[in-house]
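Notes for the structure review
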Amino acid sequence: FSEHFLVSAGAASRMWSVYSGATKQATHLVEEKVKDDLSKRRLSRSMAAHAARSLITTLPYAIENHSGINAMYSIYDDPTQHPLRKSSTQFFQFELFPERGTGGVRKYGQDVKHKKSLTIYIGKAEISIDDMDSEVQKPRSAHYISDYKTHVFTSVVKRGNSTVLHLSSHVEMYNSSSLPFRIAVLGDDKVHDLGIVKIAPKSTSVNGSGGKSLLKESEELMTHSKFGLPAPLLTSFMIDTSETLCLQISPVLKETNDFALAGMFNLPPLDRLVEIATSSQGEARRVIEVSCSPSTRARNLSSLVANVCCKVTLVDGAHPFVQLFIEPRVVMTNRLPVSVLLRTPMPHTLVSSNSDSGGESLEHDDDSKYATHELASKESVEVFTPGPSIAISLTCADVPIGGTAIGWNEGGWLDIPLGKNKKILEPLKCTFPFETKSLDSYPSSCKTTSVGSGSEFFVLEADDVTPDLKQTVTRTSGSSDSCRTVVIMVCNYVVDHIGSILFEEVAPSDNTARRSSSTRSSINSSFLDSSPPFSAFSSRLHRRRVSLLPRSSNLIRLVQLTMDGDEGMKRSVPFRIEDVSMTEGIDAMPILWMDTTPTGFFLYRHLTTEGSELHVVPEYVVFNGSNDV
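Keep in mind the model is a prediction, meaning the values are calculated, not measured.

The strand order across the open sheet formed by 6 strands is β21-β24-β19-β29-β28-β27, and the pairing between neighbours is mixed. The open sheet has two edge strands with one neighbour each: β21 (349-351) and β27 (428-433). When strand polarity is set aside, the average angle formed by the axes of neighbouring strands in this sheet is 20°. With 4 bridges joining them, strand β19 (residues 330-334) and strand β24 (residues 380-383) adopt antiparallel strand pairing. Directly across from Val330, in β24, lies its bridge partner Val383.

Moving on to unusual backbone geometry. Despite not being glycine, Gln137 has its phi angle at roughly 65°, a positive value. For Lys378, which is not glycine, the phi torsion reads 80° and is therefore positive. One can find Lys378 in the loop between β23 (371-375) and β24. Taking the relative accessible area as the measure of exposure, Lys378 reaches 55% and is therefore exposed.

This structure, assessed with the given rule, holds 14 salt bridges. Between Arg545 and Asp496 there is a salt bridge, and its shortest N-O distance comes to 3.5 Å. Here Asp496 lies in strand β30 (residues 492-496) and Arg545 lies in strand β34 (residues 544-549), a separation of 49 residues in the sequence. On the basis of relative accessibility, which here comes to 4%, the residue Asp496 falls in the buried class.

Turning our eyes to something else, we now look at helix α5 (residues 270-278). Residues spaced three or four apart along an α-helix face the same direction, because each turn holds 3.6 residues. Within α5, burial applies to Leu270, Leu273, Ile276 and Ala277. Along the axis of α5, the buried positions cluster into a sector of 115°, meaning they face one direction only. Those residues of α5 that are buried are in contact with α4 (235-239), β16 (286-294), β17 (304-315) and β18 (319-327).

What counts, and where the lines are drawn
Residues numbered from 1 in each chain as written. Predicted model: local features only at pLDDT ≥ 70, side-chain atom pairs only at ≥ 80, totals over all residues. Heavy atoms only, no water. Pairing = 2+ DSSP bridges. Helix = DSSP H or I, 4+ residues; strand = E, 2+ residues; numbered from the N terminus. Axes fitted to C-alpha atoms, helices over the stretch in contact; angles between N-to-C directions. Buried < 20%, exposed > 50% of the residue type's maximum accessible area, 1.4 Å probe, protein only. Salt bridge = Lys/Arg side-chain N within 4 Å of Asp/Glu carboxyl O. Arc of directions from axis to C-beta. Contact = heavy atoms within 4.5 Å.

Structural data, given as structure tokens:
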């Protein structure tokens, strides 16, 4: 047998055993609780659909038809033609190729020698693919369809375990946002409704080995977060080189109908598209801001603005191929190691569908004046707000389990510019201020004015992030290849593996002492003022306590509490984050108490994109591997 057959048989066997076991258990549980026959029939149909989705993952080849034209296809030398409807994905596999010998002798690897060809039929035209495997990642090809007086484009790509032949028209639309959009073409004095381009499937689900599951890959192929504009509607646009193409997009909001908000934009004429593709910046993104306004003035709705990014390439040196990406105006991502609350008084913001929250509708405060989103670490909010900017306010979402409590960012609303070529010019230095009630527990620290009044963080463009923000990023002219992203970050933070450690910032009693760094003892004797201990949060990401820390050049020290308040607080010798060892084990930096006695704690750090991730660990860890206490 060939390795192709053995792998397919093994995968099918494992999939069927898992699926059949889960189906039997689910059926048994439902039949015990559900007595209604109608419910049982609905359940059976649902399970049958799930079985179909599961079983198609054993078929390693697929055809996506995004050309807007119904077609047929045949596989290898089989004359049977199978239907390939528009906006559909068909999975298939090539039959095992015969070998010489009585009884069907098979040779290991023999299938690799045979070409896996297929033919697509559109009207009178035939599109032949000589070998699916060898066509992978080759440039896109153009094929003239005489019945429709237009071109259809083909390309073969590898997606996970599937080899996919993609069939498209001159214009393809992609939804890179978490809002579904209804697309229409305006022409011939009427509106041609093309349907809804759905949100892209969540990309964070992986299996135990770190890759996507077979079922997830098939769902991505069948989820139409992109589709091609029907080729018949583009005939006059491609023939008349001076004609523009008018497109309408309408966001599908849960609280409104599909056309409550609508916006239109024009695609440049054919000659202009060719110029864009052949220019020196032909691959650059060209952003079109589309304002979706209420269709009737009676509705009390706010306008929604989305970016449509246009990318044009030439296929076979003559035929323009246009890719349109619907994107939010800006994506704001939480890169802090803790969850945050993001609040805004402005409309049309939602959590990204790639987040665990799943892109749910916005949550409003009790007075309905603000939209508030909770963002775990690495989660994002997409912004479709109209206007030149959006105002936001931030605070940590969790209540600290140690240290000083903090509130909403100091200074009120942060103004984030929106619009083409609009950027945050310099990183915005912000502070989560210590709450007054919490400061009452540390009377000596709150009197200090030479150190910070809270935990600092930064809001800046994702392209401007450098370690500890010490480097200057030179911006290039033109647009980047991805959606604009603004990040909320901190340069440094610490992971507490002990579970009872806090940190505080220290400062000299005079300006000259700050420059004295010859020895630790001299630093220790010079620094007298300290901030309240930084907040310690329980991190779901690290499964430890974490605290936000200041810049690497600032002096901090370790604090261990023996009772509430200042009395009984043991403090270590001050140190800088940049002086901490980047090696674990015996090379980790030991920490001393103020009287120079060993604390039994050690520090090491890992470099991150933003700065450093510190780890405070004990000298020894006792592990009980037996069943007895």
